[in-house]
Amino acid sequence: MRNLILASSSPFRRQILDKLQLEYSCLSPDIDESPNGNETPVQLVTRLAVAKAEKIAETKSDSLIIGSDQVAVLGDEILGKPHTHENAVKQLQRLSGHRVTFLTGLALINSKSGNIQREAVPFDVVFRTLTDEMIENYLRAEEPYNCAGSFKSEALGIVLFDKLEGDDPNTLIGLPLIRLVRMLENEGVNVL
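Thresholds applied
Residues numbered from 1 in each chain as written. Predicted model: local features only at pLDDT ≥ 70, side-chain atom pairs only at ≥ 80, totals over all residues. Heavy atoms only, no water. Buried < 20%, exposed > 50% of the residue type's maximum accessible area, 1.4 Å probe, protein only. Helix = DSSP H or I, 4+ residues; strand = E, 2+ residues; numbered from the N terminus. Pairing = 2+ DSSP bridges. Salt bridge = Lys/Arg side-chain N within 4 Å of Asp/Glu carboxyl O.

Here's the deal with the pairing of strand 3 (residues 63–74)
And step 1. Among the 12 residues of strand 3, 12 are classified as buried, and the element is accordingly described as predominantly covered.
And step 2. Side chains S63, I65, G67, D69, V71 and V73 project from strand 3 onto one buried face, and the interleaved L64, I66, S68, Q70, A72 and L74 project onto a second face that is buried too.
And step 3. As judged from the 4 bridges shared by strand 1 (residues 3–7) and strand 3, these two strands associate in the parallel manner. Considered in strand 3, the bridge of I5 is made with I65.
And step 4. Direction of pairing for strand 3 relative to strand 5 (residues 99–110): antiparallel, over a ladder of 10 bridges. Looking at strand 5, one finds that L64 is bridged to N110.
And step 5. With 3 bridges joining them, strand 3 and strand 4 (residues 77–79) adopt antiparallel strand pairing. By the bridge assignment, L74 is partnered in strand 4 with E77.

Let's talk about the pattern of salt bridges
And step 1. Evaluation of the coordinates by the stated rule reveals 11 salt bridges.
And step 2. Between R99 and E165 there is a salt bridge, with its nearest N and O atoms 2.5 Å apart. With a gap of 66 residues between them, R99 in strand 5 and E165 in strand 7 (residues 161–165) connect regions that are remote in the sequence.
And step 3. Linking R179 and E119 is a salt bridge whose minimum nitrogen-to-oxygen distance equals 3.0 Å. Remark: E119 occurs in strand 6 (residues 116–127) and R179 occurs in helix 6 (residues 177–186); sequence separation between them is 60 residues.
And step 4. Look at R179 and you get partly exposed, because its relative accessible area is 23%.
And step 5. If you follow the salt bridges from partner to partner, you end up with R99, D124, K163 and E165 in one network.

Below is the structure:
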């Protein structure tokens, strides 16, 4: 098997990829994640997933490189990582009682052949009606300031939801494994 590289510094994506029991390494790409002009959420996450993988492909030949990026979308508005407590409070207040789509861009680049597979995978979350006290208690407990949507669904954040809807729960955490397995198979890598 070719060298498999996860173009990410996210411990959550590593935990998800570990489920496949494949040997891989992680390299953190340093790219600008700012949206371009009138870019749609699908275009944004797809472009960033590819850009992350391409950045690593510049120096790694004969490798399969996985790139991924995620945003939360409420209506037409893209919600990124809050970074601060104050921003997380505002974000969760806005998400309270609403359906939010989390879009995860996924890319797999074969740096030897130049082949690029890419996809944007949606996952919907229906938030409970959250009180200010619930929001404060949750944020103090988990401090999810580097997570799109201001929560960690794989931990205490699950209590914020009424319903989860999607094909692959790993997508919500940031790496759609079902789609990734298909992409790897297209490159001749069989997980089983």
